[in-house]
Amino acid sequence: MDGGKAEFLHQRMAGIGRSFTRFDYRGHGLSGGRFADGTIGDWLSDAEMVLDRLCGARVTLVGSSMGAWIAMNLAKRHPARIAGMVLIAPAPDFPRRLMLPELTVEQRVALDRDGVWYRPSEFEDDPYPITKALIDESTAHEVLDGGFISVAGPVHILHGDADEVVPMGHARQAAALIKAQPLTFECVEGGGHRLSEPHELERLWQAVTAIP
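Everything quoted here is computed from the prediction, not taken from an experiment.

Trainee: I tried to follow the side chain of Ser138 on my own but got confused; where do I start?
Mentor: As for its position among the elements, Ser138 is in helix H6 (residues 132–138). Not counting residues within four places of it along the chain, the set of residues in contact with Ser138 comprises Ile40, Trp69 and Pro95.

Trainee: Explain the pattern of salt bridges to me, please; I cannot follow it from the model alone.
Mentor: In a structure, side chains of opposite charge can pair up when their charged atoms sit close to one another. Summed over all chains, the structure comprises 14 salt bridges. A salt bridge links Glu48 to Arg77; the nearest nitrogen and oxygen atoms lie 2.9 Å apart. Taken together, the residues Glu48 in helix H2 (residues 40–54) and Arg77 in helix H3 (residues 66–77) connect sequence positions 29 residues apart. Taking the relative accessible area as the measure of exposure, Glu48 reaches 16% and is therefore buried. Classification of Arg77 by relative accessible area gives partly exposed; the value is 43%.

Trainee: Sorry, what's going on with helix H1 (residues 4–16) here?
Mentor: Each α-helix turn comprises 3.6 residues. Residues three or four places apart therefore point the same way. For H1, which comprises 13 residues, the first-to-last C-alpha distance of 19 Å matches the rise-based estimate of 18 Å (1.5 Å per residue) to within 8%. Buried residues along H1 sit in contact with strand E1 (59–64), strand E2 (82–88) and helix H8 (198–209). Positive backbone phi, at 70°, marks Gly17, one or two positions downstream of H1.

Trainee: Looking at this structure, how should I read the sheet that holds strand E6 (residues 155–160)?
Mentor: Each strand in a sheet pairs with its neighbour through backbone hydrogen bonds, running either in the same direction (parallel) or in the opposite one (antiparallel). The strand order across the open sheet built from 4 strands is E1-E2-E6-E8, with neighbouring strands paired in parallel fashion. Of all the strands in the sheet, the pair left with one neighbour each is E1 and strand E8 (183–188). Taking each pair of neighbouring strands and ignoring which way they run, the sheet shows an average axis angle of 10°. Where E2 and E6 come together, 4 bridges link them in parallel fashion. In the sheet register, Ile88 faces E6, and the bridge partner there is Leu158.

Trainee: Sorry if this is basic, but what is going on with the packing of aromatic side chains here?
Mentor: Both the distance between ring centres and the angle between the ring planes are used here to describe each pair of aromatic rings. This model, assessed by the stated rule, comprises 6 aromatic pairs. The interplanar angle of 85° and the centroid separation of 5.2 Å between the aromatic rings of Phe23 and Tyr25 together place this pair among those described as edge-to-face. Note on Phe23: relative accessible area 28%, which makes it partly exposed. Between Trp69 and Phe94, the ring centres sit 5.5 Å apart and the planes meet at 80°, which makes this aromatic pair edge-to-face. Note that Trp69 is positioned in helix H3 and Phe94 in helix H4 (residues 94–99), a separation of 25 residues in sequence. With respect to burial, Trp69 and Phe94 carry one shared label: buried.

Procedures and definitions
- Residues numbered from 1 in each chain as written.
- Predicted model: local features only at pLDDT ≥ 70, side-chain atom pairs only at ≥ 80, totals over all residues.
- Heavy atoms only, no water.
- Helix = DSSP H or I, 4+ residues; strand = E, 2+ residues; numbered from the N terminus.
- Contact = heavy atoms within 4.5 Å.
- Salt bridge = Lys/Arg side-chain N within 4 Å of Asp/Glu carboxyl O.
- Buried < 20%, exposed > 50% of the residue type's maximum accessible area, 1.4 Å probe, protein only.
- Expected span 1.5 Å × (residues − 1).
- Pairing = 2+ DSSP bridges.
- Axes fitted to C-alpha atoms, helices over the stretch in contact; angles between N-to-C directions.
- Phe/Tyr/Trp six-rings, centres within 6.5 Å; stacked < 30°, edge-to-face > 60°.

What follows is the structure, encoded as structure tokens:
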């Protein structure tokens, strides 16, 4: 929750007197637990608890990468609560659709044997421990084959055309699932996965504040 986009929104929201809630999933950031012990279901449960206990009756969800997938699941489960969504480089169903296909035969054998694959990070020095349990459990929360997600408000998707993690086509698949008025898919020229450059943060701000 101390990442660039979250800090930016926190400061901007405080400046206009609008409430804003940010948090770390268990095993992330300042939250307790080990990342390697977590699953998509655990992190969805964390987000649902924050929604239920800390947020108002109607909320705008902002999620980046995996967080966008979590937001899509929340929208399916709590349609009456969601006023709109801003999804940044959405990565729904990424363990099975994006991670597994990039593994070599040797890496798949090691994953089955050891129960974990250490995926190199594009942004951190240390690799991410991706467990077989995370991949297997994630299928219970996949959305790309699960029918439409209806949102009674605007949905704005931001995706960089130089995203090195999530292909543009994957983000467009996510967009095709969402029924919203309006639905905006914005391609950010030259934008990478994080979309945290100053001009990209301004586009994020415009998208968030356009939702009433």
